[in-house]
Amino acid sequence: MDLGITGSTAVVSGGSTGIGKAAAAALLAEGAGVVLLARTKTTLDETVAELRAPGHPGPVVGIRADVTDRASVEAAARQIEVEFGRVRILVIAAGHRMRRLDRQLFWDDDDWAGDLDVKTVGMLRIIRALHPLLDKSGAGRIVNIGGVAGETVWEGALTHGLNNAAMHHATRYLARDLAPEGITVNAVVPGLVATEWRFDWAAAAAKKAGRTTEEFLDAYLARLGVLLGRWAESAEVADAVAFLASRRAGYITGTSLVVDGGITVNAL
């Protein structure tokens, strides 16, 4: 299926690791040029070098940007305007991992605000800054990366859930707000995904439980009720992102595409 994005420019926040990196690879494979935004320069440079390898025909560049800093985001937007002009696709993948699992009710105010500042407010900063550059011909696409924690209580991670619930609501709000400008806004909602930090988490949890990583994951996924019995590969989530970012998805807006292997079916 030709997704119709060859030659377009896509910007991916949180693009140096995890789902953002996989989304960038998927868009590059479809012929888009990709601008990666990320805070850590060394990781950003490594990812750009990796994605420039054969097999990814589109151009890729990295721009350091801290989504919690308005000036940094707006500086990145100015650089994108100078180097690329119009942006057709914007993927928002920046966010915190679940950093702590202590009782979040008793966190300090700054800890609550810090978590929300990255994913929720950071998303708004990026869209605000890049809005003047977004394609308003009917081909403009925004794809937010949410998560099933926005619908369920996930391991007691309060701010993780708040961020994802806010992302889903903001997707619907922005779909209405930006529809007159020909921009669609959708969310991809992954469940448990085999990102870099999740591998580390699974290995540490397995060691603590005295099991192999495979044994731990099998039991954990069964307890969660993942119908497919495995976690997702990042590329599987990225394929959903690429579709929603494409011309093929021109009549889809304000929706959340769940890619969770059946967690939210609640079969248990």
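Definitions and cut-offs
- Residues numbered from 1 in each chain as written.
- Predicted model: local features only at pLDDT ≥ 70, side-chain atom pairs only at ≥ 80, totals over all residues.
- Heavy atoms only, no water.
- Salt bridge = Lys/Arg side-chain N within 4 Å of Asp/Glu carboxyl O.
- Helix = DSSP H or I, 4+ residues; strand = E, 2+ residues; numbered from the N terminus.
- Buried < 20%, exposed > 50% of the residue type's maximum accessible area, 1.4 Å probe, protein only.
- Pairing = 2+ DSSP bridges.
- Axes fitted to C-alpha atoms, helices over the stretch in contact; angles between N-to-C directions.
- Parallel < 35°, antiparallel > 145°, perpendicular 65-115°, else oblique.
- Left-handed = near helix turned anticlockwise from the far one by under 90°.
- Contact = heavy atoms within 4.5 Å.
- Nonpolar A, V, L, I, M, F, W, Y, C, P; charged D, E, K, R; others polar.

## A few points about the pattern of salt bridges
Inference 1: A complete count under the given rule lists 6 salt bridges for this structure.
Inference 2: Notably, a salt bridge pairs Glu-50 with Lys-21, separated by 2.8 Å at the nearest N-O pair. With a gap of 29 residues between them, Glu-50 in helix α2 (residues 41-51) and Lys-21 in helix α1 (residues 18-29) connect regions that are remote in the sequence.
Inference 3: For Glu-74, the salt bridge is made with Arg-70, and the minimal N-O distance between the two is 2.7 Å. With Glu-74 and Arg-70 both in helix α3 (residues 70-84) and 4 residues apart, the pair spans about one turn of that helix.

## Digging into the pairing of strand β4 (residues 89-92)
Inference 1: What you see with β4 is no split at all: Ile-89 and Val-91 on one side and Leu-90 and Ile-92 on the other are buried throughout.
Inference 2: Of the pairings in the sheet, the one linking strand β1 (residues 9-13) to β4 comprises 4 bridges and is parallel in character. Bridged to Val-11 within β4 is Leu-90.
Inference 3: Sheet topology places β4 next to strand β5 (residues 140-145); 4 bridges connect them, and they run parallel. In the strand pairing of β5, Ile-92 is matched with Asn-144.

## Considerations on the packing of helix α4 (residues 109-130) against helix α5 (residues 158-178)
Inference 1: In the contact formed by α4 and α5, the axes pass within 9 Å of each other and the chain directions differ by 20°. Taken together, the axis directions place α4 and α5 in an arrangement best described as roughly parallel. The handedness of the crossing between α4 and α5 comes out as right-handed. Only Thr-159, Leu-162, Asn-163, Asn-164, Ala-166, Met-167, Ala-170 and Leu-174 of α5 make contact with α4, whose side of the interface consists of Trp-112, Asp-115, Leu-116, Lys-119, Thr-120, Met-123 and Ile-127.
Inference 2: In terms of residue class, the contact of α4 with α5 is made up of 9 nonpolar, 4 polar and 2 charged.

## Description of the packing of α1 against α2
Inference 1: Relative orientation of the contacting elements α1 and α2 amounts to 30°, with a least axis distance of 11 Å. Considering the angle they form, α1 stands roughly parallel to α2. Two packed elements cross with a definite hand, and for α1 against α2 that hand is right-handed. Contacts between α1 and α2 involve Lys-21, Ala-24, Ala-25 and Leu-28 from the first element and Thr-47, Glu-50 and Leu-51 from the second.

None of this, on its own, says anything about what the molecule does.
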